[in-house]
Amino acid sequence: MSGYGGDVSVNVSVTLNAVFQTAQLQKLINDLQVKLTADITVESEGIVEIKLSEKEQYELSCDLEDEMKVCSWSLKNKDNKEIVVGEGAETEIRCPSPCYNTMLVLEKNARAGWYTCRLTSDSISHKASVKLNIPEPPVIIMKSKPQTADCTEGLESINVSCKMANDFNFTLSCPDNDVKTGNAEESLIVDIPCKDKLDSLKCTCNVTHYDETYSQNLEVPVLKSGDSFCVSENGWPKTKAGSTATQSCGPERVGNKSRTCDENEDWGSVFNYCVRKDVDNLLKSAMDIAKGYGNTPEEVGNIFSVMTNVTNLEYEATLADVEAFINTLGALNTATSNIEVIGDSVMTDFIESATNVLSMDWSDGNKTYKENLSANYLQSVEGLLQNIQVNQSSGYSTTLMQFQVRQKDIKYPRTIFDISLRLSTSASQAKILAIKNLSELLPNRFLDTESSSIVVAVALQSNKSEPSGINLEFPLKKKKPRNHEIICVRWQNSMWDKEGCEWKPRNNSHATCDCYLKGGETMTGKNSRVRMSLSTLMSKSPIELPGLEEITLAGLGASICSLVIFVFVECLVWKAVTKTDIAFFRHTALVNIATFLLLANVSFLVTSLIQDLTQQHPTMCLVLALAKHLFYLVMFFWMFSLSMILLHQLMFVFSPVMRKTFFFVSIFTGYICPMVTVSVTYMYYHLTHDGSYYDPHTCWLKYDAVLQGSIHAFLLPVGVIVLINLFTMVKVIVTHLRPQVSAGTVDEREIAKSILKVIAILTPVFGVSWALGFLVFVLDVTDGILPKMVSYAFTITTSLQGLFILLTGILGEIKVQNEVSKCVSCVKPERSESTRNCTPSIKKNSSLF
């Protein structure tokens, strides 16, 4: 009441033995408040009837005849402290509107104490209370001293202790020893069964509480003569192989450290599960709220505030601390999903706390353990981003996180941590959180891929029912190599999933992703909420086009057979087809081209067939890389020699090349030049680049960057030769067509046939199809259908090059066909005159090589 020099608080208790209506009482209170100029509240007991029923769960129900507006529950525990009971993991409140009754459903492991229901309307509350007696489960701690029963050092007994954290009566027993009874802590001196040759000694601590028996077992390893063990080290005691030793954490932490001695008598890594006491207390408070005890917006805000202060302290956090903080975020995520938490300061504390946790040292622990932690972390952060509501926040940034909220102009593009983002939605609010240093820690089920960008979490709230989408342009951590695929992913069921996201190739420094909500996630109406976390993955190796390897192997097989036949036929008809100098030059070049293409193809095929073996034996892989490099270069340099002879013949008709000149020039060009190129390349990269001459995975030359890598010692000479050969081919076509043009009569079909014939004959022996290889080297197969078509075309034409040489070299030359026909006719059974005449010729020709 006001007046009389200040505010006055008066508590009045009245006992009534009559029935009254709440509405009539409220009218009286309203009149009295006006007259006294005071605030009056009335709380009654005895009007509400409360019942307790125990089934699979505890059900507490309160009933009232009057209509009330609000119902609530509270608990007064053994410390006589009253806390609010709300919706949680262990609690469920059923309260219809209008409120005539209310029910509280509790799990079997709920807390004991006085539960109170309140039915409130304006200034009047009716309450009722009931005591719930729930047995508190005992906490049993068993230890042995020493931790290993060592028979090798004459030890005859060990000390086994049992301790009750809540002072329950218990019995401690070990085989062939007395049974001890206690209620706090008891120890038992246990004889070691060294003579029985047991591997371990098992002791048990039993507690009977509320007609239920609880047991805790302790198995002490027995170390006998001949058993493997790890010697004591840095405070870790002598331990039997296959057993685990423990250490306490110290006065400022709870938990323990453990270390396992493996079967090889080596100590494993120390698993440190020592948590700071203040962090452990913070986790317990958050877990209580998640269960439903004290689950109010104010308590959630307080825990976030405390968590911010604790994570800002300068101390060496362990991975156990990190896990405790992540579990705290998870508990708060559960709590905020049951109540509405509004506050820009709460969002700020949440982001700062989450940043501090992510900045801690995550290096300890194995990969699976850290992946589980990071998955729980993202799940909690994503949920809290959705659950915590903000009003006037314009955003917040830390070193690892950037938060933005949009309530207007949702569809306009924006930038967050250099990520361009555009939403296609009618959502009334969009909350966006970009997170650095997290994507590398998350589990990745996509094999042969790695994280290539940061994580972006988006939470949308809408009053309309329609699908939503999001377009993001991520800056990549490193430029995308050629033929490497980007996978746009979203976080789904604790793992990355590419369903619902599509990659749009743009450039090598950014990844553009279009993601949309799937059918079941479409926002369905008033105040509907949805969330998603997005990122990108990049393949570690170039993608493989389907069927390309099979085409290559089949083509190489056909080429090898064709080249063997071609070389055999050339040997068979050599003297008959090399009577003129130009024919001699041509067939000499053809035989060398076919021979070294055959050797190169065999080397390539061997590499493909014994790939696993070559990775185990680097020397074999090096030999194959050198062989392919040399054989392919020899083939191309002989193509160059053939092209130069033909070009000289066309341009200098009256200056023929002598065989002696051709011999010396061809030997130098066809053999010495490629050998020098390969030798110099190998020595340069072997001596100056730490053996990076070849790729051990492919047994072929390496590509590092533009004009960097040993592959350029193949590409540059081949590129020059192919260009010169193309020029020669064009010159041949022009020269071949010139007489027809000068004659004044032009038959377009004959011209087309002549051009096709020249192209068909010269393409395989000039290596023109290898020009497609430069397109393959430049184009990226992830850019669309054209690069894929070029890759297939290059593979088919180059792998079948030997077959094309056979077809054009034998079927395309009439003289060779005639000589082959003669040889075939000479092996018929009938010995005609012509057969007798050709036999000596066959013997002479076949002995040429």
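Here is what the cut-offs are and how they apply
Residues numbered from 1 in each chain as written. Predicted model: local features only at pLDDT ≥ 70, side-chain atom pairs only at ≥ 80, totals over all residues. Heavy atoms only, no water. Axes fitted to C-alpha atoms, helices over the stretch in contact; angles between N-to-C directions. Helix = DSSP H or I, 4+ residues; strand = E, 2+ residues; numbered from the N terminus. Parallel < 35°, antiparallel > 145°, perpendicular 65-115°, else oblique. Left-handed = near helix turned anticlockwise from the far one by under 90°. Contact = heavy atoms within 4.5 Å. Nonpolar A, V, L, I, M, F, W, Y, C, P; charged D, E, K, R; others polar. Pairing = 2+ DSSP bridges. Phe/Tyr/Trp six-rings, centres within 6.5 Å; stacked < 30°, edge-to-face > 60°. Buried < 20%, exposed > 50% of the residue type's maximum accessible area, 1.4 Å probe, protein only. Disulfide = S-S within 2.5 Å. pLDDT = per-residue confidence, 0-100. Expected span 1.5 Å × (residues − 1). Patch = residues over 30% accessible without salt bridge, like charges linked within 9 Å, V, L, I, M, F, W, Y side chains within 5 Å. Areas by Shrake-Rupley, 256 points an atom, 1.4 Å probe, with all protein chains shown as cover. Salt bridge = Lys/Arg side-chain N within 4 Å of Asp/Glu carboxyl O. Lys, Arg positive; Asp, Glu negative; His and termini not counted. Charge placed at Lys NZ, Arg CZ, Asp CG, Glu CD.

## Side note on the packing of helix 3 (residues 297–312) against helix 4 (residues 319–336)
Helix 4 packs onto helix 3 with a crossing angle of 165° between their chain directions and a minimal axis gap of 11 Å. On the basis of the axis angle, helix 3 is roughly antiparallel to helix 4. Considering the relative orientation of helix 3 and helix 4, their crossing is left-handed. Of the residues in helix 4, those touching helix 3 at Val300, Ile303, Phe304, Met307, Val310 and Thr311 are Phe325, Thr328, Leu329, Leu332 and Thr336. Grouping the amino acids of the contact of helix 3 with helix 4 by side-chain chemistry returns 8 nonpolar, 3 polar and no charged.

## Focus: the sheet that holds strand 9 (residues 124–132)
Sheet architecture is open: 5 strands sit in the order 1-9-8-4-5, paired in mixed fashion. The open sheet terminates on both sides in strands that have one partner only, identified here as strand 1 (42–45) and strand 5 (82–85). Looking at each pair of strands side by side, their axes are set apart by 30° on average, direction ignored. Here strand 4 (residues 70–76) pairs with strand 5 via 4 bridges, running antiparallel. The partner of Ser74 across the bridge, within strand 5, is Val84.

## Side note on the packing of aromatic side chains
Under the defined criterion, the tally for this structure stands at 25 aromatic pairs. Look at Phe636 and Phe714: their rings are 6.3 Å apart centre to centre, the planes differ by 80°, and that puts the pair in the edge-to-face class. Linking Phe636 in helix 11 (residues 618–651) with Phe714 in helix 13 (residues 712–742), this pair joins segments that are 78 residues apart in sequence. Residue classification places Phe636 among the buried positions, given a relative accessible area of 0%. Arranged with centres 4.9 Å apart and planes meeting at 90°, the rings of Tyr703 and Phe777 form a pair that is edge-to-face. Here Tyr703, found in the loop between strand 41 (700–701) and helix 13, pairs with Phe777, found in helix 15 (residues 771–778); they are 74 residues apart in sequence, far enough to count as distant. Its relative accessible area of 39% is what places Tyr703 among the partly exposed residues.

## Quick word on the state of the cysteines
Scanning the model with the defined rule gives 10 disulfides in all. With a sulfur-sulfur separation of 1.9 Å, Cys174 is cross-linked through a disulfide to Cys203. Taking the torsion about the S-S bond as the criterion, the Cys174 to Cys203 disulfide, at about 115°, is right-handed. Taken as a pair, Cys174 in the loop between strand 13 (170–173) and strand 14 (180–182) and Cys203 in strand 16 (residues 200–209) lie far apart in primary sequence, 29 residues in all. Each member of the pair Cys174 and Cys203 is classed as buried. Shown here is the disulfide that connects Cys621 with Cys699, its sulfur atoms set 2.0 Å apart. Between Cys621 and Cys699 the disulfide shows an S-S torsion of about -120°. By sign, it is left-handed. Residue Cys621 is found in helix 11, and its partner Cys699 is found in the loop between strand 40 (694–695) and strand 41; the two are separated by 78 residues along the sequence. Here Cys621 matches Cys699 in class, with each residue buried.

## Remarks on the confidence of the model for the chain
Averaged over the chain, the pLDDT score is 84; the fraction of residues at 70 or greater is 90%. Predicted confidence is poor over residues 1–5, with pLDDT under 50, and the contacts of this stretch with residues over four places away or in other chains come to 9 contacts. Residue range residues 522–526 is modelled with pLDDT below 50. Its contacts to residues more than four positions away, or to other chains, number 19 contacts.

## Some words on helix 6 (residues 367–387)
Since the α-helix advances by 3.6 residues per turn, residues separated by three or four positions end up pointing in the same direction. Between its terminal C-alpha atoms helix 6 stretches 30 Å, which fits the 30 Å expected from 21 residues at 1.5 Å a residue. Burial of helix 6 is extensive: 16 of the 21 residues sit out of reach of the surface.

## Some remarks on the sheet that holds strand 21 (residues 253–260)
Strand order in the open sheet formed by 3 strands is 20-21-22, with antiparallel pairing between adjacent strands. The open sheet has two edge strands with one neighbour each: strand 20 (244–248) and strand 22 (271–276). With strand direction ignored, the average angle separating the axes of adjacent strands in the sheet is 15°. Bridge analysis of strand 20 against strand 21 gives 5 bridges, and the strand direction is antiparallel. Considered in strand 21, the bridge of Thr246 is made with Ser258. Lying over the sheet, helix 2 (residues 277–291) contacts strand 21 and strand 22, oriented at roughly 75° with respect to strand 22. Strand contacts of helix 4: strand 21 and strand 22, with the helix running at about 55° to strand 22, the strand carrying the most contacts.

## Notes on a nonpolar patch on the surface
A surface patch of nonpolar side chains, amounting to about 350 Å² of accessible area, comprises Phe668, Ile672, Val676 and Val680. Looking at the secondary structure, you find Val680 in helix 12 (residues 659–688).

## Quick word on the pairing of strand 7 (residues 99–106)
In the sheet, strand 3 (residues 58–68) pairs with strand 7 via 7 bridges, with the strands oriented antiparallel. The residue of strand 7 that forms the bridge with Ser61 is Met103. Across 4 bridges, the pairing between strand 6 (residues 91–94) and strand 7 is antiparallel. Across the sheet, residue Arg94 finds its bridge partner in strand 7, namely Met103. A loop of 4 residues connects strand 6 with strand 7, the two strands running antiparallel in sequence.

## Side note on the side chain of Ser123
The topology assignment puts Ser123 in the loop between strand 8 (113–121) and strand 9. When sequence neighbours within four positions are dropped, the list of residues in contact with Ser123 reads Gln26, Ile29, Gln33, Ile40, Thr41 and Val42.

## Remarks on the packing of helix 7 (residues 548–572) against helix 9 (residues 581–609)
Running from N to C, helix 7 and helix 9 cross one another at 145°; their axes reach a closest spacing of 9 Å. The two elements helix 7 and helix 9 cross, and the hand of that crossing is left-handed. Residues Thr552, Leu553, Leu556, Ser559, Ile560, Leu563, Val564, Phe566, Val567 and Glu570 of helix 7 pack against His587, Leu590, Val591, Ala594, Thr595, Leu597, Leu598, Asn601, Val602, Phe604, Leu605 and Ser608 of helix 9. In terms of residue class, the contact of helix 7 with helix 9 is built from 15 nonpolar, 6 polar and 1 charged.

## Considerations on a negative patch on the surface
Together, Glu156, Asp176, Asp191 and Asp196 give the surface a local cluster of negative charge. The class for Asp196 is partly exposed, based on a relative accessible area of 49%.

## A word on unusual backbone geometry
Here the residue pair Lys145 and Pro146 is connected by a cis peptide bond, since its omega of 0° sits within 30 degrees of zero. Tracing the backbone shows Pro146 in the loop between strand 10 (140–145) and strand 11 (149–150). You will see that Phe417, though not glycine, has its phi angle at about 50°, which is positive. Position of Phe417 among the secondary structure elements: in the loop between strand 27 (414–416) and strand 28 (419–424). Even without being a glycine, Ser494 presents a positive backbone phi close to 65°.

## Thoughts on the pattern of salt bridges
Summed over all chains, the structure comprises 23 salt bridges. Between Asp199 and Lys224 there is a salt bridge whose closest N-O contact spans 3.2 Å. With a gap of 25 residues between them, Asp199 in the loop between strand 15 (185–191) and strand 16 and Lys224 in the loop between strand 17 (212–223) and strand 18 (229–230) connect regions that are remote in the sequence. Judged by its relative accessible area of 14%, Lys224 falls in the buried class. With a closest N to O distance of 3.4 Å, Glu502 and Lys504 form a salt bridge. Assessed through its relative accessible area of 43%, Glu502 is described here as partly exposed. Taking relative accessible area as the criterion, Lys504 reaches 28% and is therefore assigned partly exposed. By sharing partners, the salt bridges in this structure join Glu43, Glu82, Arg118 and Lys127 into a single network.

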